[in-house]
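Structure assessment
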Amino acid sequence: MGIFDFLRSKGAKSAPPSGNAPAVDKKIAGPAKVVADKRAQTYDRLEAIQALVDMKTPEAAAALLKRFNFTIDPSITDAEEKDLAFRGIVAAGKDVVPAVIEFCTKAEALTWPLKVLDAVLDDDAYREELLDLLEGFDTEYARNVEPKIQIIQALEEVVHEDVRTAVERFFEDVNETVRFHAVQTTFAQAMPESVKPLIELLVNEESVRVKNKVAEGLLVRGWAIPEDRRDAVADALGDTGGYTVGDGGKIVKRSLRFG
């Protein structure tokens, strides 16, 4: 045996046993890199997605989440790839939830990961995860408000008192679109306890679009304005051109009231 053969043999023997983990990591790392590459060839990326899907492990599912970070053309291909990744992630079951939550805290858009949570969790657990995610947002300026809006939109389908109280906080958000969706989700809860905060929003709101959304919701629900706030609400609705306070404090369309 030569000296170099001896040194190589000694080095190999002194190295700690690697076990199975490095092999598994390496098996995932290759496809994961391709899946995350927007510039990769479509065929290669699709093959990599399928490889991770076939592994059916939480680690492989976590790697598939990276496909949700970008959009490609044509849109039909983009949707096909994301749908395949989605099905692969869901197949991993609840074990993938921690990775999905971590992804949600950093992602620019949450449409697909929220669909994953909805698919793998029961109703109560899904609600709690959405509320926990929403708790991480404040009402101040943000460069990208899409994640916040998407969580609020997802909560529109989840009726619960905790949802109502959590979403009402965003009536004070600096972003008009966030306020708009907060109003929409609040009305979806169908809880009269929201009347007071909705009125305060309406009275102080500058956006005609948000005012109209509040007025429309109050009209549809048939919720009456407390007598001591009717004049203030009527004044606030003056620039909407469509709503006012009618008999009994209920919101009515101007055209219906005045003909």
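Treat the numbers as computed from the prediction; the structure is a model and nothing was measured.

The subject of this paragraph is the confidence of the model for the chain. On average, residues of the chain score 91 in pLDDT, and 89% of them reach the 70 mark or higher. Every residue in residues 1-23 scores below 50 in pLDDT, and together they form one contact with partners more than four places removed in sequence or on other chains.

Turning our attention to the side chain of Glu168. Among the secondary structure elements, Glu168 is positioned in helix α10 (residues 161-168). In this structure the side chain of Glu168 is engaged in a polar contact, spanning 3.1 Å, whose partner is the side chain of Ser194. Ignoring any residue separated from it by four or fewer positions in sequence, one finds Glu168 in contact with Thr186, Ser194 and Pro197.

Time to look at unusual backbone geometry. Residue Pro74 is bonded to the preceding Asp73 through a cis peptide linkage, with omega at 0°. On the secondary structure map, Pro74 appears in the loop between α4 (58-64) and α5 (75-91). The phi torsion at Lys56 lies on the positive side, around 55°, for a residue other than glycine. Taking the relative accessible area as the measure of exposure, Lys56 reaches 64% and is therefore exposed. The backbone of Ala190 sits at a positive phi, close to 55°, despite the residue not being glycine. Along the chain, Ala190 falls in the loop between α11 (176-189) and α12 (195-204). By relative accessible area, which is 35% here, Ala190 ends up partly exposed.

With that settled, consider the layout of surface pockets. The volume enclosed by the largest pocket comes to roughly 220 Å³. Lining the largest pocket are Thr111, Leu114, Lys115, Asp118, Asp123, Tyr126, Gln150, Gln153, Ala154, Glu157 and Val158. The element best represented in the lining of the largest pocket is helix α7 (residues 111-120), accounting for four residues. Of the residues assigned to the lining of the largest pocket, the class counts are four nonpolar, three polar and four charged. Empty space within the second largest pocket amounts to approximately 160 Å³. Around the second largest pocket sit Cys104, Thr105, Lys106, Ala107, Glu108, Leu133, Phe137, Asn144, Pro147 and Ile151, which together line it. Across the lining of the second largest pocket, the residue classes tally to six nonpolar, two polar and two charged.

The rules behind each value
What you see as residue numbers is a count from 1 along each chain, following the sequence as written. Under the rules for a predicted model, residues below a pLDDT of 70 receive no local features and side-chain atom pairs below 80 are neither given nor counted, while totals for whole chains, interfaces and linings still include all residues. Note: side-chain values were computed over all heavy atoms of the structure, leaving out hydrogens and water. pLDDT expresses, on a scale from 0 to 100, how confident the predictor is about each individual residue. Contact between two residues is taken to exist if any of their heavy atoms lie within 4.5 Å; hydrogens are not considered. Counting from the N terminus, the helices are the DSSP runs of H or I reaching at least four residues and the strands are the DSSP runs of E reaching at least two. By the criterion applied in these results, polar contacts are pairs of N or O atoms within 3.5 Å in which, for protein atoms, one can donate a hydrogen and the other can accept it, and in which residues neighboring in sequence qualify only through two side-chain atoms. Working definition: with a 1.4 Å probe on protein chains only, accessible area under 20% of the residue-type maximum means buried, over 50% means exposed, and in between means partly exposed. Buriedness of a pocket was judged along seven lines, with at least five required to meet protein on both sides within 12 Å; pockets are open sets of points on a 1 Å grid over the protein atoms alone, cavities are sets where a 1.4 Å probe fits but cannot get out, and lining residues have an atom within 4 Å of a point. Grid points are joined across faces, edges and corners, and a volume is the space filled by probe spheres set on the points. By the convention adopted, Pro, Cys, Tyr, Trp, Phe, Met, Ile, Leu, Val and Ala count as nonpolar, Lys, Arg, Asp and Glu as charged, and the other residues, Gly among them, as polar.

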